[in-house]
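Now for the letters of each chain:
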Amino acid sequence: MEAMQKRAKRRQNTRRAIIVAIVAVVVLGTGALLFSGKTTTTTTTTSTAPATTTTVAAAPISFSPVKDPSPAGVSGKAPTLVMPPGAPPITPELANLITGTGPGAVYGDTFTAQYELATYSARKVIQSSWPKGFSDTLKTGPGGLISGWVAGMEGMKVGGRRELILPPVDGYGDTSPGTGIAKNDTLIFIIDLVKLSK
């Protein structure tokens, strides 16, 4: 009788251990899935194109006006990017330097653009697509663009020029994708939209 009670107790303890292990795996797996959707992994690129991220989806971004925008310049000619004075802003900023024509860009459009990129850490232009240009699809996700670039181009028209100032959360976050872009860097883009395909 005592031996049967010991075996029954061992079986009960084994069942409890299995249940605890299953619950732990489910909890850890759920946590990993939740947090993997918020983690941005950046791919280093050696071209002048902006590095891509594997962010699951772009969260809506609300832009303030650029406090000290660069000069508008002339559409079709390289812009003059002027570093804003002082500390980087903590919220994203946008300025329409030149308004284009035609339909505005929306998520999923394929585009050709020219751009210049400066960073607050370098305090100068570190990348430029001029004169050869840059083509991509206006989307985030695997192989997509950084969320600030996508949100900042929405509504932009062909022939238009925009200046974007993107804090780290809308750029590369705590990852340095290449020379001139520090961890937690604030980015300044001037983008000319050359072509748009719906």
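Residues numbered from 1 in each chain as written. Predicted model: local features only at pLDDT ≥ 70, side-chain atom pairs only at ≥ 80, totals over all residues. Heavy atoms only, no water.

In this model, tryptophan 130 is joined to proline 131 through a cis peptide bond whose omega is 0 degrees. Relative to the helices and strands, proline 131 is located in the loop between β4 (124–128) and β5 (134–137). Its identity as a non-glycine residue notwithstanding, asparagine 184 has a phi of 55 degrees, on the positive side. Examined against the element boundaries, asparagine 184 turns out to sit in the loop between β6 (161–166) and β7 (187–197). (Helix = DSSP H or I, 4+ residues; strand = E, 2+ residues; numbered from the N terminus.)

What follows concerns the packing of aromatic side chains. Applying the stated criterion across every chain yields a total of 7 aromatic pairs. Taken together, a centroid distance of 6.0 Å and an interplanar angle of 65 degrees make the contact between phenylalanine 111 and phenylalanine 134 edge-to-face. Of this pair, phenylalanine 111 sits in strand β3 (residues 110–119) while phenylalanine 134 sits in strand β5, and the two are 23 residues apart along the sequence. Owing to a relative accessible area of 9%, phenylalanine 134 belongs among the buried residues under this scheme. Between phenylalanine 134 and tryptophan 149 the ring centres are 5.8 Å apart and the planes differ by 80 degrees, which places this aromatic pair in the edge-to-face class. In this pair, phenylalanine 134 is assigned in strand β5 and tryptophan 149 in helix α2 (residues 147–153), connecting sequence segments 15 residues apart. No difference in accessibility class separates phenylalanine 134 from tryptophan 149, as the two residues are buried. (Phe/Tyr/Trp six-rings, centres within 6.5 Å; stacked < 30°, edge-to-face > 60°. Buried < 20%, exposed > 50% of the residue type's maximum accessible area, 1.4 Å probe, protein only.)

Tracing the backbone shows valine 74 in the loop between β1 (64–65) and β2 (93–98). For the pair valine 74 and glycine 159, spaced 85 residues apart in sequence, the C-alpha to C-alpha distance is 9.7 Å. Dropping the residues within four chain positions of it, valine 74 is found in contact with Ile98 and Arg161. (Contact = heavy atoms within 4.5 Å.)

Another aspect to go through is the pattern of salt bridges. For the coordinates displayed, the defined rule picks out 3 salt bridges. For glutamate 93, the salt bridge goes to lysine 67, with nearest N and O atoms at 2.8 Å. Placement of glutamate 93 in strand β2 and of lysine 67 in the loop between β1 and β2 is noted, with a sequence separation of 26 residues between them. Judged by relative accessible area, glutamate 93 falls into the buried class, the value being 3%. With its nearest N and O atoms 2.8 Å apart, the salt bridge here joins aspartate 109 to lysine 198. Pair noted here: aspartate 109 is in the loop between β2 and β3 and lysine 198 is in the segment after β7, with a separation of 89 residues, a long-range link. We classify aspartate 109 as buried; its relative accessible area is 4%. Residue class for lysine 198 comes out exposed when judged on its relative accessible area of 61%. (Salt bridge = Lys/Arg side-chain N within 4 Å of Asp/Glu carboxyl O.)

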